[in-house]
Protein chains: 2
Amino acid sequence: MNEMNDASKNVRRRGDALIESIYNATIELIKKVGYTNLTFQQIAHAAKTSRTVLYRRWNTKFDLIHEIMEYKTKNALGGELIDKIEDTGSLRGDLLQLLTLYQSIYTEGGLEIMNAILFEIGQDSEKLSKIETNARNKNILVMRKLLGFAKNRGEKIKEVSDATLTLPFDLIRVENLLRRETMDAKRLELLVDEILLPVFLA
Amino acid sequence: MNEMNDASKNVRRRGDALIESIYNATIELIKKVGYTNLTFQQIAHAAKTSRTVLYRRWNTKFDLIHEIMEYKTKNALGGELIDKIEDTGSLRGDLLQLLTLYQSIYTEGGLEIMNAILFEIGQDSEKLSKIETNARNKNILVMRKLLGFAKNRGEKIKEVSDATLTLPFDLIRVENLLRRETMDAKRLELLVDEILLPVFLA
DNA sequence: TAATTAAGGTACATGTTGTACCTTAATTAG
DNA sequence: CTAATTAAGGTACAACATGTACCTTAATTA
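Participant: I would appreciate a short explanation of the interface of chain A and chain B in the present structure.
Facilitator: How big an interface is tends to be expressed through the accessible area that disappears when the partners come together. With 35 residues of chain A at the interface, the matching set in chain B holds 35 residues. Roughly 2900 Å² of surface becomes buried between chain A and chain B when both sides are summed, with 58% attributable to carbon and sulfur atoms. For the pair chain A and chain B, the number of links is 0 salt bridges. Contributing elements (two or more residues each) for the side of chain A that touches chain B: helix H8 (111–122), helix H9 (126–153), helix H10 (162–165), helix H11 (167–178) and helix H12 (185–200) of chain A.

Participant: Even after reading the chapter, I still don't get the packing of helix H2 (residues 15–33) of chain A against helix H5 (residues 61–77) of chain A, so can you show me in this structure?
Facilitator: Two measures define how a pair of helices packs: the angle their axes make with one another and the distance between the axes. Residues and elements named next belong to chain A. Between H2 and H5, whose axes approach to 11 Å, the crossing angle comes to 105 degrees. It follows that H2 is roughly perpendicular to H5 by the angle criterion. Contacts between H2 and H5 involve Glu20, Ile22, Tyr23, Thr26, Ile27 and Ile30 from the former and Leu64, Ile65, Glu67, Ile68, Tyr71 and Lys72 from the latter. Residue classes in the contact of H2 with H5 are distributed as 8 nonpolar, 1 polar and 3 charged.

Participant: Explanation requested: helix H12 (residues 185–200) of chain B in the structure shown.
Facilitator: Residues three or four positions apart in an α-helix share a direction because the helix packs 3.6 residues into each turn. Largest kink in H12 of chain B: about 40 degrees, centred on Val192 of chain B. For H12 of chain B, every residue scored as buried is listed here: Arg187, Leu188, Leu191, Val192, Glu194, Ile195, Leu196, Leu197, Pro198, Val199 and Phe200 of chain B.

Participant: Help me understand the relation of the copies chain A and chain B, please; the structure alone is not making it clear to me.
Facilitator: Comparison of the two chain copies shows a relationship of rotation about an axis with a shift along it. The two copies are related by a screw motion: chain A maps onto chain B through a turn of 180 degrees and a shift of 0.0 Å along the axis, at an RMSD of 0.1 Å. The transformation relating the two chain copies, once decomposed into turn and shift, fits a two-fold axis. The share of interface residues of chain A whose copies in chain B are also at the interface is 100%, consistent with both copies meeting through the same surface.

Participant: Is there a simple way to explain the protein's contact with DNA strand D in this structure?
Facilitator: Around DNA strand D, the structure places 21 residues, and the nearest of them are Arg14, Thr49 and Arg57 of chain A together with Arg12 and Gln41 of chain B. Considering DNA strand D, the proportion of its atoms within 4 Å of the protein that are sugar or phosphate atoms stands at 55%. Arg14 of chain B places a side-chain nitrogen or oxygen 3.4 Å from a base nitrogen of DNA strand D. At the level of secondary structure, the elements contributing two or more residues to the surface near DNA strand D comprise H2 and helix H4 (51–57) of chain A together with helix H3 (40–46) and helix H4 (51–57) of chain B.

Participant: Is there a simple way to explain H5 of chain A in this structure?
Facilitator: Residues and elements named next belong to chain A. Along its 17 residues, H5 runs 24 Å from first to last C-alpha, staying within 8% of the 24 Å computed at 1.5 Å per residue. Regarding H5, the residues found buried are Lys61, Phe62, Leu64, Ile65, His66, Ile68, Met69 and Leu77. Within two residues after H5, Gly78 carries a phi angle of roughly 75 degrees, on the positive side.

Participant: Help me out: how do you make sense of the environment of Thr100 of chain B in this one?
Facilitator: All names here are of chain B. Within the secondary structure layout, Thr100 lies in helix H7 (residues 91–109). For Thr100, a relative accessible area of 44% puts it in the partly exposed group. As for Thr100 and Ile172, which are separated by 72 residues in sequence, their C-alpha atoms are 9.4 Å apart.

Participant: Mind showing me how you'd approach the packing of helix H11 (residues 167–178) of chain B against H12 of chain B here?
Facilitator: Residues and elements named next belong to chain B. As a packed pair, H11 and H12 sit with axes 11 Å apart at the nearest point and diverge in direction by 145 degrees. As for the relative orientation of H11 and H12, their crossing is right-handed in sense. Contacts from Leu167, Pro168, Leu171, Ile172 and Glu175 of H11 reach H12 at Arg187, Leu188, Leu191, Ile195, Leu196, Val199 and Phe200. Each residue belonging to the contact of H11 with H12 can be placed in one class, and the counts come to 10 nonpolar, no polar and 2 charged.

Rules and cut-offs
- Residues numbered from 1 in each chain as written.
- Chains lettered and ligands numbered in written order.
- Predicted model: local features only at pLDDT ≥ 70, side-chain atom pairs only at ≥ 80, totals over all residues.
- Heavy atoms only, no water.
- Contact = heavy atoms within 4.5 Å.
- Buried area = accessible area lost by both parts, 1.4 Å probe.
- Salt bridge = Lys/Arg side-chain N within 4 Å of Asp/Glu carboxyl O.
- Helix = DSSP H or I, 4+ residues; strand = E, 2+ residues; numbered from the N terminus.
- Axes fitted to C-alpha atoms, helices over the stretch in contact; angles between N-to-C directions.
- Parallel < 35°, antiparallel > 145°, perpendicular 65-115°, else oblique.
- Nonpolar A, V, L, I, M, F, W, Y, C, P; charged D, E, K, R; others polar.
- Bend = angle between axes of the 7 residues up to and from the residue.
- Buried < 20%, exposed > 50% of the residue type's maximum accessible area, 1.4 Å probe, protein only.
- Least-squares fit on C-alpha atoms with pLDDT ≥ 70 in both.
- Near = heavy atom within 4 Å.
- Polar contact = N/O pair within 3.5 Å; in protein donor to acceptor, adjacent residues only side chain to side chain.
- Expected span 1.5 Å × (residues − 1).
- Left-handed = near helix turned anticlockwise from the far one by under 90°.

So, in structure tokens, the structure goes:
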């Protein structure tokens, strides 16, 4: 009867099964209470495990969140962004493809998580600025590849600084993090037509 | 001797003197420990007042921070942004002027504060999205005024969506909040020449 | 000078943290 | 298949932060 519950308590999950359960509980919680109000105590309770287990693995809630982001990003893209970029036949198509892919990280990966990451960047801890710099450098390479397609096709591309090369990514971040609107295909097209093409196409 | 300290404890500041002391203590603290680690307890101690005084005035640390931001913004600009915008004789000059003024809000107003604001936006509380929407609408009006100058001078301006009109502000925000680089005049010029002029000038 | 206003101080229940230490289930090795 | 190892679950504790209640007392005002 009520002994069933007590009996089931003795089952101990381990490894991936446990971890994923913690990930999911964390994501649900962060949606409910927000990142600031997120506590290890609540996570442990929601994931039906103990704080001890959490502290053993992650020193701070950011460490946990960051791990979740990487896990989610992999799932959303199925690999590195630069490998997913293909020549669509036009700069417009390529840029639209890029925005769509990059947007999917935010859509699938969970806005709440990205928000937390962004916030921690603002706290300018050492490791965070490294994460940021790495991401930026990767993104610049993606854009070089993309603009390389255009040059090979004979499209006239402006020479711009590295800082400007990250514009497509910055726009997606602004849209997702600073505004809170739905990012449909129409919105992405507008970004390409009104901003990105004038900037990159001579 | 040591009674001097005890005697000085009996002096009670009130009103603006007290408030400004709290503002300053908060700004110093937030620079030291960051927004997440900021506590009313620490603020009270740093401002040499008591938690009671703080709780009476602000329900959350965000309420306090938001008030500080408004106070600082007023000081930085000395009025509303739209009133500060003047016709410099060219779109390039006008845009540079706009970026410089808007940047000063971040420089003078305190990056830490803006960061906190941004973060709370991510928590999508009711009042916060209102603050955001208001700011966006104001910024759109500023850009309309600025592009109006250009049209009157006979410069050819593209017709763009409201979403694109906020680009100058979004760029400053990205630079300040997502990156952590010094925003000198050269950087602002690059934003104007490589991004804003191609977007707005036909 | 008396009444009012607002700052300072104390106390308390509640919740979170980080750590230490122990028990016990699940896995692995001999 | 049993014993050793690994890792999860549980309890306890000191430290700190919160939000509230209630009281005292300095500063302002009427």
